[in-house]
Amino acid sequence: MRSRRPGLLVSLLAGAATVGALLTAAPAHAADPPLRDLADARGKVVGTAVTGSKLTGTYGEVAGREFNSLTPGNAMKWGSVEPVRGRHDWAEADRIVAFAEAHGQQVRGHTLVWHSQNPGWLTDGTWTRDELSAVLNDHIDTEVGRYKGRLAAWDVVNEPFEEDGTYRRTLWYDTLGPDYIAQALTRARAADPGADLYINDYNVEGVNAKSTALYDLVKSLKERGVPVDGVGLQAHLIVGQVPSTVRQNIQRFADLGVDVAITELDIRMQLPATEAKLAQQAADYRSVVSACAAVDRCTGVTVWGFTDSDSWIPDTFPGEGAATPYDENYAPKPAYHAIAQALGGGGGQPADGCTATYGVTGQWNTGFTGQVRISCAGASLASWKVSWTYGEGQRVSQAWNATCAQSGAVVTCGNAAWNGTVPDGGSVTFGFNASWSGSNGVPVVTLG
Ligand code: G3I
């Protein structure tokens, strides 16, 4: 587990189970539908990459509740499923598929033909063209065949292009030539005629040389009658740098007669996260999800991990992170509410586009420190008031950056003179100290 936020007084808490419960935060309105309900209503996918071994506890609850599609983040890659030639290990992949089926979720298979995360016996081997072709066919027959009829889509070919639009030089390209792509697609279609077959790549979200190479490839494959149903735009993006041509790019693929999926969305920032960066990130998530929502053939959006505690970013980009819609303690970030709004929800509010999120930032045996964040996306506020009801006898003793009063179990807080304004795409926070005993559940906060 990654280190928790500074100032969190978890060491005084009794047990790990208690900690998990205490550190959750609740979005503003209990009536907010989960993201998957919003997506279902629009006929779209809202998915997440998952780690199979984590699908229990809070991680499993959120994954099952909020998403209608799962992508195994690593579990279906060749190196995971066949680490030793001829000896398969399906445990993690099977677990994810079973979880998805138990939760009424689609599965997106990821990925069959890639230059990375392959087993050593494959990458270290010496292969003739015929041998490698047979190995590839066998892999596709075995893996696609195993899950036949159970997966909605496969990322058949992953990352075939360089940034300049030339083919990436890989084992596949160098040994089989560019038609390894057509071969893999054709073989996958035969192994599971019901799965949609995709080519997936990064830095192809906007119109550029790489996405144009992908466009030209898909066009020529379709002209040749090769089965290709869609393109995956991975969308590993940077805060403030969403390409301006995402919608236009999605539309041109749609016009070609293929589906488009945003397959690996995350939007990273330099740490530490600040309110301004989180607000910009929310606006960025909103613009990507909105671009997909605006095009019929865009099937939906999958995030590459839903919590900052399960993201590849900090390991790969030291100093960067906070790229997903939930923080490390499973509190929904402004980005979460922005996704909800782009899918047609209120983003935690009945109509006005602003949300309030309650979290416990530190706790000791008799007291705790809490924080409420008021965020707006697609709306703004000139002043605000929030309220909540404690169910377990908690009492607020002191607040800062807000004026709070408690009457019985009901706490009401209004803005201070200096933080009533919440701009579109911005947020403000206030803090408080309170007492507790027994238990300290998270209340539902109402804004307005
Ligand atoms: O499983 C081993 C573990 O046994 C070992 O102790 C640990 C030590 O580093 O490594 C673990 O493997 C890691 C694996 O993720 C599982 O956590 C690898 O080191 C690590 O390199 C690997 O990273 C994955 C990355 O692909 C590799 O390129 C990320 O989790 C995964 O999210 C990421 O996903 C890719 C997509 O498949 C394609 N698009 C880009 C995306 C991000 O790189």
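So, a few notes on the structure that sits alongside this text.

Another point: the sheet that holds strand β13 (residues 385–389). If you trace the 4 strands from one edge of the open sheet to the other, you get β15-β16-β13-β18, paired in antiparallel fashion. The outermost strands of the open sheet, each flanked by one partner alone, are β15 (402–407) and β18 (446–447). Bridging between β13 and β18 involves 2 bridges; their strand directions are antiparallel. Paired with Ser387 across the strands is Thr446, a residue of β18.

Here the focus is helix α9 (residues 180–191). Taking 1.5 Å as the rise per residue, α9 with 12 residues should run 16 Å; its terminal C-alpha atoms sit 16 Å apart, in good agreement. Among the residues of α9, Tyr180, Ile181, Ala182, Ala184, Leu185, Ala188 and Ala191 are the ones counted as buried. Among the structural elements, β3 (106–113), α7 (129–146), β4 (153–158), α8 (171–176), β5 (196–201) and α10 (209–223) are those in contact with the buried residues of α9.

Here we take up the state of the cysteines. Tallied over the full model, the rule gives 2 disulfides. With a sulfur-sulfur separation of 2.1 Å, Cys292 is cross-linked through a disulfide to Cys298. The disulfide joining Cys292 to Cys298 has a torsion of about -105° about its S-S bond and is therefore left-handed. In this structure Cys292 comes out as buried when scored by relative accessible area, which is 1%. Taking relative accessible area as the criterion, Cys298 reaches 0% and is therefore assigned buried.

Attention now moves to the site of the ligand. Neighbouring the ligand are the residues Asn74, Lys77, His110, Trp114, Gln117, Asn158, Glu159, Gln234, His236, Glu264, Trp304 and Trp312. Within the side chain of Asn74, a nitrogen or oxygen atom sits 2.9 Å from an oxygen atom of the ligand. For the ligand, whose accessible area on its own is 780 Å², the fraction buried by protein is 43%. Within the shell around the ligand, the residues separate by chemical class into 3 nonpolar, 6 polar and 3 charged.

With antiparallel pairing, the 4 strands of this open sheet are ordered in space as β11-β12-β17-β14. Unpaired on one side and paired on the other, β11 (354–363) and β14 (395–400) mark the two borders of the sheet. With direction set aside, neighbouring strand axes in the sheet form an average angle of 25°. Pairing between β11 and strand β12 (residues 367–376): 9 bridges, direction antiparallel. Residue pairing in the sheet places Ala356 in a bridge with Ile374 of β12.

On to the packing of α10 against helix α11 (residues 246–256). The description of two helices packed together rests on the angle between their axes and the distance between the axes. Contact geometry for α10 and α11: axes closest at 10 Å, N-to-C directions at 10°. The orientation of α10 with respect to α11, classified from their angle, is roughly parallel. Between α10, through Ser211, Thr212, Leu214, Tyr215, Val218, Lys219 and Lys222, and α11, the contact on the second element is made entirely by Asn249, Arg252, Phe253 and Leu256. Residue composition of the contact of α10 with α11, grouped by class: 5 nonpolar, 3 polar and 3 charged.

Moving on to unusual backbone geometry. Here the residue pair His110 and Thr111 is connected by a cis peptide bond, since its omega of -5° sits within 30 degrees of zero. Of note in the backbone geometry, Tyr330 takes a positive phi value of approximately 65° without being a glycine. Tracing the backbone shows Tyr330 in the loop between β10 (320–321) and α14 (334–342). Phi at Asn401 takes a positive value of approximately 65°, unusual for a residue other than glycine. With respect to the helices and strands, Asn401 occurs in the loop between β14 and β15. Given a relative accessible area of 31%, Asn401 falls into the partly exposed group.

Turning to the environment of Val242, a few remarks are in order. Of note, Val242 is situated in the loop between β7 (236–238) and α11. In this structure, the C-alpha to C-alpha distance between Val242 and Val84, residues 158 residues apart in sequence, is 40 Å.

Bringing the packing of aromatic side chains into the picture now. Scanning the model with the defined rule gives 17 aromatic pairs in all. Seen in terms of ring centroids, Trp78 and Trp121 are 6.1 Å apart; in terms of plane orientation they differ by 75°. Their pairing is edge-to-face. One end of the pair, Trp78, is in helix α4 (residues 78–81); the other, Trp121, is in helix α6 (residues 120–123), with 43 residues separating them in the sequence. Accessibility assignment for this pair places Trp78 and Trp121 in one class, buried. Taken together, a centroid distance of 5.5 Å and an interplanar angle of 15° make the contact between Trp384 and Phe430 stacked. Within this pair, whereas Trp384 is found in the loop between β12 and β13, its partner Phe430 is found in strand β17 (residues 427–435), the two being separated by 46 residues in sequence. Looking at Phe430, the relative accessible area reads 1%, which means it is buried. Feature note: the residues Tyr59, Phe67, Phe306, Tyr326, Tyr330 and Tyr336 constitute an aromatic cluster, connected by ring pairs. Geometry around Tyr202 places Lys210 over its ring, the cationic atom sitting 3.7 Å from the centre.

Definitions and limits used
Residues numbered from 1 in each chain as written. Predicted model: local features only at pLDDT ≥ 70, side-chain atom pairs only at ≥ 80, totals over all residues. Heavy atoms only, no water. Pairing = 2+ DSSP bridges. Helix = DSSP H or I, 4+ residues; strand = E, 2+ residues; numbered from the N terminus. Expected span 1.5 Å × (residues − 1). Buried < 20%, exposed > 50% of the residue type's maximum accessible area, 1.4 Å probe, protein only. Contact = heavy atoms within 4.5 Å. Disulfide = S-S within 2.5 Å. Near = heavy atom within 4 Å. Polar contact = N/O pair within 3.5 Å; in protein donor to acceptor, adjacent residues only side chain to side chain. Areas by Shrake-Rupley, 256 points an atom, 1.4 Å probe, with all protein chains shown as cover. Nonpolar A, V, L, I, M, F, W, Y, C, P; charged D, E, K, R; others polar. Axes fitted to C-alpha atoms, helices over the stretch in contact; angles between N-to-C directions. Parallel < 35°, antiparallel > 145°, perpendicular 65-115°, else oblique. Phe/Tyr/Trp six-rings, centres within 6.5 Å; stacked < 30°, edge-to-face > 60°. Lys NZ or Arg CZ within 6 Å of the ring centre and 35° of its normal.

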